[in-house]
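Listed below are the residues making up each chain.
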Amino acid sequence: MFRVLEQQRALAAGRSPWFCWLPVGIGLLVLYVPTYVTLWKGAWDTDDQAHGPLILAMVGWLFYRECRVLVDGEDRPWGSVGWPLLAVGLLLYVLGRSQDILLFEVGSHIPVLAGVVLLMRGGQALRALWFPIVFLVFMVPLPGMLVDALTNPLKRNVSEAAEHLLYWAGYPIARSGVTLTIGQYQLLVADACSGMHSLYSLLALGFLYLYLVDHRDLLRNIVLASCIVPIAIGANIVRVVFLVLVTYYLGDEAGQGFLHGFAGMALFTVALLLLFLIDGLFGLVRRWRRSASTP
(Lines give C-alpha, C1' and ligand atoms only; values in the text may rest on other atoms or scores of the structure.)
Protein backbone atom coordinates (compact mmCIF):
# COMPACT_ATOMS: atom_id res chain seq x y z
CA MET A 1 0.00 0.00 0.00
CA PHE A 2 2.91 2.34 0.76
CA ARG A 3 4.41 1.87 -2.73
CA VAL A 4 1.02 2.42 -4.35
CA LEU A 5 0.64 5.77 -2.63
CA GLU A 6 4.05 6.88 -3.93
CA GLN A 7 3.59 5.74 -7.55
CA GLN A 8 -0.04 6.38 -8.39
CA ARG A 9 0.39 10.14 -8.89
CA ALA A 10 2.58 9.53 -11.93
CA LEU A 11 0.21 6.87 -13.26
CA ALA A 12 -2.73 9.28 -13.01
CA ALA A 13 -1.28 11.80 -15.46
CA GLY A 14 -3.71 12.49 -18.28
CA ARG A 15 -6.46 10.35 -16.73
CA SER A 16 -9.56 11.02 -14.69
CA PRO A 17 -8.83 13.10 -11.56
CA TRP A 18 -10.32 10.23 -9.54
CA PHE A 19 -7.99 7.62 -11.03
CA CYS A 20 -5.31 8.12 -8.39
CA TRP A 21 -7.86 7.29 -5.67
CA LEU A 22 -8.77 3.92 -7.21
CA PRO A 23 -5.89 1.93 -5.62
CA VAL A 24 -6.55 3.70 -2.30
CA GLY A 25 -10.23 2.78 -2.42
CA ILE A 26 -9.41 -0.85 -3.23
CA GLY A 27 -6.91 -0.97 -0.37
CA LEU A 28 -9.41 0.45 2.13
CA LEU A 29 -12.07 -2.03 0.98
CA VAL A 30 -9.67 -4.94 1.40
CA LEU A 31 -8.86 -3.74 4.90
CA TYR A 32 -12.27 -2.86 6.25
CA VAL A 33 -14.92 -4.96 4.49
CA PRO A 34 -13.98 -7.94 6.74
CA THR A 35 -14.30 -5.59 9.72
CA TYR A 36 -17.81 -4.53 8.67
CA VAL A 37 -18.81 -8.18 8.19
CA THR A 38 -17.58 -8.95 11.70
CA LEU A 39 -19.47 -5.98 13.13
CA TRP A 40 -22.65 -6.87 11.22
CA LYS A 41 -22.63 -10.40 12.62
CA GLY A 42 -21.70 -9.24 16.12
CA ALA A 43 -21.80 -5.77 17.67
CA TRP A 44 -24.18 -4.22 15.13
CA ASP A 45 -26.69 -6.99 15.80
CA THR A 46 -27.19 -5.77 19.38
CA ASP A 47 -29.25 -2.89 20.73
CA ASP A 48 -26.12 -1.28 22.19
CA GLN A 49 -24.33 -0.82 18.86
CA ALA A 50 -27.25 -0.82 16.41
CA HIS A 51 -26.38 2.77 15.48
CA GLY A 52 -23.07 1.65 13.92
CA PRO A 53 -24.35 1.23 10.32
CA LEU A 54 -26.05 4.63 10.53
CA ILE A 55 -22.78 6.26 11.61
CA LEU A 56 -20.95 4.59 8.71
CA ALA A 57 -23.62 5.69 6.22
CA MET A 58 -23.53 9.24 7.56
CA VAL A 59 -19.74 9.37 7.26
CA GLY A 60 -20.03 8.20 3.66
CA TRP A 61 -22.53 10.99 2.95
CA LEU A 62 -20.31 13.60 4.63
CA PHE A 63 -17.35 12.48 2.52
CA TYR A 64 -19.55 12.75 -0.55
CA ARG A 65 -20.45 16.36 0.36
CA GLU A 66 -16.77 17.32 0.46
CA CYS A 67 -15.49 14.94 -2.20
CA ARG A 68 -14.36 17.66 -4.60
CA VAL A 69 -11.56 18.65 -2.24
CA LEU A 70 -10.00 15.24 -2.92
CA VAL A 71 -9.40 16.16 -6.56
CA ASP A 72 -9.64 19.95 -6.71
CA GLY A 73 -7.80 20.90 -3.52
CA GLU A 74 -4.16 21.82 -3.18
CA ASP A 75 -1.70 19.09 -4.11
CA ARG A 76 0.76 19.43 -1.21
CA PRO A 77 1.20 16.06 0.51
CA TRP A 78 2.25 16.10 4.15
CA GLY A 79 4.44 13.03 4.18
CA SER A 80 6.13 13.87 7.47
CA VAL A 81 2.79 13.65 9.25
CA GLY A 82 0.84 11.36 6.92
CA TRP A 83 3.22 8.39 6.99
CA PRO A 84 3.40 8.16 10.81
CA LEU A 85 -0.40 8.46 11.06
CA LEU A 86 -0.91 5.76 8.45
CA ALA A 87 1.65 3.50 10.13
CA VAL A 88 -0.04 3.90 13.53
CA GLY A 89 -3.44 3.20 11.99
CA LEU A 90 -2.25 0.05 10.22
CA LEU A 91 -0.54 -1.15 13.39
CA LEU A 92 -3.78 -0.68 15.33
CA TYR A 93 -5.68 -2.52 12.61
CA VAL A 94 -3.32 -5.50 12.56
CA LEU A 95 -3.29 -5.72 16.35
CA GLY A 96 -7.06 -5.38 16.61
CA ARG A 97 -7.78 -7.83 13.79
CA SER A 98 -5.34 -10.48 14.98
CA GLN A 99 -6.30 -10.23 18.66
CA ASP A 100 -10.04 -9.63 18.11
CA ILE A 101 -9.94 -6.18 19.75
CA LEU A 102 -12.69 -4.17 18.07
CA LEU A 103 -11.63 -1.00 19.89
CA PHE A 104 -8.33 -1.03 17.96
CA GLU A 105 -9.65 -2.50 14.71
CA VAL A 106 -12.54 -0.06 14.28
CA GLY A 107 -10.62 2.84 15.84
CA SER A 108 -7.87 2.43 13.23
CA HIS A 109 -10.21 4.08 10.69
CA ILE A 110 -9.34 7.50 12.04
CA PRO A 111 -5.50 7.51 11.72
CA VAL A 112 -5.63 5.49 8.49
CA LEU A 113 -8.02 7.88 6.73
CA ALA A 114 -6.28 10.97 8.12
CA GLY A 115 -2.91 9.64 7.01
CA VAL A 116 -4.14 8.78 3.50
CA VAL A 117 -5.75 12.20 3.02
CA LEU A 118 -2.55 13.97 4.15
CA LEU A 119 -0.40 11.83 1.85
CA MET A 120 -2.65 12.31 -1.15
CA ARG A 121 -3.84 15.93 -0.87
CA GLY A 122 -2.34 17.59 2.19
CA GLY A 123 -3.58 19.73 5.03
CA GLN A 124 -6.32 21.62 3.16
CA ALA A 125 -8.17 18.38 2.37
CA LEU A 126 -7.82 17.17 5.95
CA ARG A 127 -9.26 20.45 7.25
CA ALA A 128 -12.26 19.95 4.97
CA LEU A 129 -12.71 16.31 5.99
CA TRP A 130 -11.75 16.39 9.66
CA PHE A 131 -15.31 16.05 10.96
CA PRO A 132 -16.38 12.91 9.04
CA ILE A 133 -13.05 11.29 9.95
CA VAL A 134 -13.36 12.13 13.66
CA PHE A 135 -17.09 11.29 13.60
CA LEU A 136 -16.09 7.66 13.09
CA VAL A 137 -15.24 7.56 16.79
CA PHE A 138 -18.97 7.04 17.42
CA MET A 139 -18.78 3.79 15.45
CA VAL A 140 -16.14 2.40 17.83
CA PRO A 141 -17.69 -0.04 20.35
CA LEU A 142 -17.30 1.32 23.87
CA PRO A 143 -14.93 -0.62 26.17
CA GLY A 144 -16.82 -2.85 28.59
CA MET A 145 -15.07 -1.43 31.65
CA LEU A 146 -16.05 2.11 30.70
CA VAL A 147 -19.66 1.10 30.08
CA ASP A 148 -19.85 -0.67 33.46
CA ALA A 149 -18.27 2.27 35.27
CA LEU A 150 -20.78 4.76 33.85
CA THR A 151 -23.92 2.61 33.72
CA ASN A 152 -24.46 2.09 37.46
CA PRO A 153 -24.30 5.81 38.43
CA LEU A 154 -26.59 6.66 35.52
CA LYS A 155 -29.11 4.02 36.58
CA ARG A 156 -29.18 5.37 40.15
CA ASN A 157 -29.55 8.98 39.02
CA VAL A 158 -32.28 8.18 36.48
CA SER A 159 -34.30 6.08 38.94
CA GLU A 160 -33.94 8.70 41.67
CA ALA A 161 -35.03 11.53 39.37
CA ALA A 162 -38.03 9.51 38.12
CA GLU A 163 -39.06 8.76 41.70
CA HIS A 164 -38.92 12.43 42.75
CA LEU A 165 -40.88 13.61 39.70
CA LEU A 166 -43.65 11.05 40.12
CA TYR A 167 -43.83 11.54 43.90
CA TRP A 168 -44.10 15.31 43.36
CA ALA A 169 -46.94 14.63 40.89
CA GLY A 170 -48.80 12.65 43.57
CA TYR A 171 -48.21 9.07 42.44
CA PRO A 172 -47.77 6.25 45.03
CA ILE A 173 -44.14 5.49 44.21
CA ALA A 174 -41.17 4.28 46.23
CA ARG A 175 -37.61 3.35 45.32
CA SER A 176 -35.10 0.79 46.56
CA GLY A 177 -31.80 1.18 44.76
CA VAL A 178 -32.71 1.07 41.07
CA THR A 179 -36.06 -0.67 41.63
CA LEU A 180 -39.18 1.50 41.43
CA THR A 181 -42.43 0.40 43.07
CA ILE A 182 -45.61 2.07 41.92
CA GLY A 183 -48.96 0.71 42.99
CA GLN A 184 -48.79 -3.08 42.67
CA TYR A 185 -45.95 -3.05 40.15
CA GLN A 186 -42.18 -3.22 40.57
CA LEU A 187 -39.94 -1.99 37.79
CA LEU A 188 -36.19 -2.52 37.60
CA VAL A 189 -34.21 0.20 35.84
CA ALA A 190 -32.00 -2.16 33.85
CA ASP A 191 -28.73 -1.38 32.10
CA ALA A 192 -30.61 -0.72 28.84
CA CYS A 193 -32.65 1.97 30.61
CA SER A 194 -29.63 3.67 32.17
CA GLY A 195 -29.27 5.83 29.07
CA MET A 196 -25.58 5.07 28.54
CA HIS A 197 -25.90 3.89 24.96
CA SER A 198 -28.65 6.36 24.11
CA LEU A 199 -26.34 9.07 25.51
CA TYR A 200 -23.61 7.89 23.13
CA SER A 201 -26.00 7.97 20.17
CA LEU A 202 -27.41 11.37 21.12
CA LEU A 203 -23.90 12.79 21.44
CA ALA A 204 -23.31 11.69 17.85
CA LEU A 205 -26.55 13.31 16.68
CA GLY A 206 -25.83 16.48 18.62
CA PHE A 207 -22.35 16.98 17.20
CA LEU A 208 -23.60 16.12 13.72
CA TYR A 209 -26.26 18.83 14.11
CA LEU A 210 -23.64 21.39 15.18
CA TYR A 211 -21.51 20.52 12.17
CA LEU A 212 -24.37 20.74 9.67
CA VAL A 213 -25.82 24.04 10.93
CA ASP A 214 -22.27 25.44 10.90
CA HIS A 215 -22.78 28.37 13.27
CA ARG A 216 -19.93 30.86 13.10
CA ASP A 217 -20.66 32.01 16.66
CA LEU A 218 -18.17 30.25 18.96
CA LEU A 219 -20.20 30.98 22.10
CA ARG A 220 -23.32 29.54 20.51
CA ASN A 221 -21.47 26.34 19.59
CA ILE A 222 -20.04 26.00 23.09
CA VAL A 223 -23.46 26.48 24.70
CA LEU A 224 -25.11 23.92 22.42
CA ALA A 225 -22.30 21.39 22.87
CA SER A 226 -22.45 21.74 26.65
CA CYS A 227 -26.23 21.12 26.55
CA ILE A 228 -26.04 17.80 24.71
CA VAL A 229 -25.24 15.61 27.73
CA PRO A 230 -27.84 17.19 30.10
CA ILE A 231 -30.46 16.99 27.33
CA ALA A 232 -29.69 13.31 26.72
CA ILE A 233 -29.91 12.49 30.43
CA GLY A 234 -33.12 14.52 30.81
CA ALA A 235 -34.70 12.80 27.80
CA ASN A 236 -33.89 9.40 29.30
CA ILE A 237 -35.54 10.41 32.59
CA VAL A 238 -38.65 11.33 30.59
CA ARG A 239 -38.50 7.89 28.96
CA VAL A 240 -38.37 6.08 32.31
CA VAL A 241 -41.21 8.20 33.73
CA PHE A 242 -43.28 7.43 30.64
CA LEU A 243 -42.72 3.67 31.02
CA VAL A 244 -43.56 3.78 34.71
CA LEU A 245 -46.84 5.57 33.97
CA VAL A 246 -47.68 3.14 31.14
CA THR A 247 -47.15 0.23 33.54
CA TYR A 248 -49.18 1.92 36.27
CA TYR A 249 -52.19 2.61 34.05
CA LEU A 250 -52.07 -0.20 31.48
CA GLY A 251 -50.23 -3.00 33.23
CA ASP A 252 -46.84 -4.69 33.06
CA GLU A 253 -47.47 -6.27 29.66
CA ALA A 254 -48.05 -2.89 28.03
CA GLY A 255 -44.95 -1.42 29.66
CA GLN A 256 -42.76 -4.21 28.27
CA GLY A 257 -44.37 -4.42 24.84
CA PHE A 258 -44.61 -2.08 21.89
CA LEU A 259 -44.69 1.04 24.03
CA HIS A 260 -41.28 0.13 25.46
CA GLY A 261 -39.73 0.37 22.01
CA PHE A 262 -41.79 3.44 21.21
CA ALA A 263 -40.36 5.15 24.31
CA GLY A 264 -36.86 4.66 22.91
CA MET A 265 -37.80 6.44 19.68
CA ALA A 266 -39.56 9.16 21.66
CA LEU A 267 -36.36 9.70 23.66
CA PHE A 268 -34.44 10.73 20.56
CA THR A 269 -37.30 12.91 19.38
CA VAL A 270 -37.52 14.76 22.70
CA ALA A 271 -33.75 15.24 22.87
CA LEU A 272 -33.50 16.63 19.34
CA LEU A 273 -36.47 18.93 19.85
CA LEU A 274 -34.87 20.30 23.02
CA LEU A 275 -31.61 20.91 21.16
CA PHE A 276 -33.48 22.68 18.34
CA LEU A 277 -35.39 24.74 20.92
CA ILE A 278 -32.24 25.88 22.72
CA ASP A 279 -30.58 26.71 19.42
CA GLY A 280 -33.63 28.68 18.30
CA LEU A 281 -33.88 30.58 21.59
CA PHE A 282 -30.18 31.42 21.44
CA GLY A 283 -30.64 32.76 17.92
CA LEU A 284 -33.64 34.86 19.00
CA VAL A 285 -31.70 36.34 21.91
CA ARG A 286 -28.74 37.22 19.68
CA ARG A 287 -31.02 38.85 17.08
CA TRP A 288 -32.87 40.78 19.82
CA ARG A 289 -29.63 42.06 21.30
CA ARG A 290 -28.36 43.02 17.85
CA SER A 291 -31.55 44.91 17.03
CA ALA A 292 -31.59 46.59 20.47
CA SER A 293 -28.03 47.83 19.98
CA THR A 294 -28.75 49.20 16.49
CA PRO A 295 -29.54 52.95 16.55
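Residues numbered from 1 in each chain as written. Predicted model: local features only at pLDDT ≥ 70, side-chain atom pairs only at ≥ 80, totals over all residues. Heavy atoms only, no water.

### Observations concerning the overall build of the chain
Next, step 1: When helices and strands are tallied, the chain shows 13 helices and 3 strands.
Next, step 2: The long-range fraction of contacts in the chain, counting pairs at least 24 apart against all pairs at least 6 apart in sequence, stands at 72%.
Next, step 3: On the chain, roughly 16,200 Å² of surface is accessible, and the fraction owed to carbon and sulfur atoms is 67%. (Helix = DSSP H or I, 4+ residues; strand = E, 2+ residues; numbered from the N terminus. Contact = heavy atoms within 4.5 Å. Areas by Shrake-Rupley, 256 points an atom, 1.4 Å probe, with all protein chains shown as cover.)

### Remarks on the pattern of salt bridges
Next, step 1: Within this structure, the stated rule accounts for 4 salt bridges.
Next, step 2: Close ionic contact of Arg 97 with Glu 105 constitutes a salt bridge, the shortest N to O distance being 2.8 Å.
Next, step 3: By relative accessible area, which is 2% here, Glu 105 ends up buried. (Salt bridge = Lys/Arg side-chain N within 4 Å of Asp/Glu carboxyl O. Buried < 20%, exposed > 50% of the residue type's maximum accessible area, 1.4 Å probe, protein only.)

### What about the nonpolar core?
Next, step 1: If you look at the biggest cluster of nonpolar residues, it comprises 55 residues, and the most contacted ones within it are Trp 21, Ile 55, Val 112, Val 116, Leu 129, Phe 135 and Phe 138.
Next, step 2: Among the elements that take part in this core, helix 10 (residues 196-213) stands out by supplying 9 residues, more than any other.
Next, step 3: Of all hydrophobic cores here, the second largest spans 14 residues; its members include Val 178, Ile 182, Ile 237 and Val 241. (Core = buried A, V, L, I, M, F, W, Y, C linked by side-chain atoms within 4.5 Å.)

### Quick notes on the packing of aromatic side chains
Next, step 1: Scanning the entire structure with this criterion turns up 13 aromatic pairs.
Next, step 2: An angle of 15° between the planes, with centres 6.3 Å apart, marks the rings of Tyr 36 and Trp 44 as stacked.
Next, step 3: Relative accessible area serves as the criterion here: at 21%, Tyr 36 is assigned to the partly exposed category.
Next, step 4: Their ring planes at 75° and their centres at 5.1 Å tell us that Tyr 248 and Tyr 249 sit as a pair that is edge-to-face.
Next, step 5: Of the residues examined, Tyr 248 reaches a relative accessible area of 29% and is grouped as partly exposed.
Next, step 6: Since its relative accessible area comes to 54%, Tyr 249 is described here as exposed.
Next, step 7: Ring pairing ties together the aromatic residues Trp 130, Phe 131, Phe 135, Phe 138, Phe 207 and Tyr 211, which thus form one cluster. (Phe/Tyr/Trp six-rings, centres within 6.5 Å; stacked < 30°, edge-to-face > 60°.)

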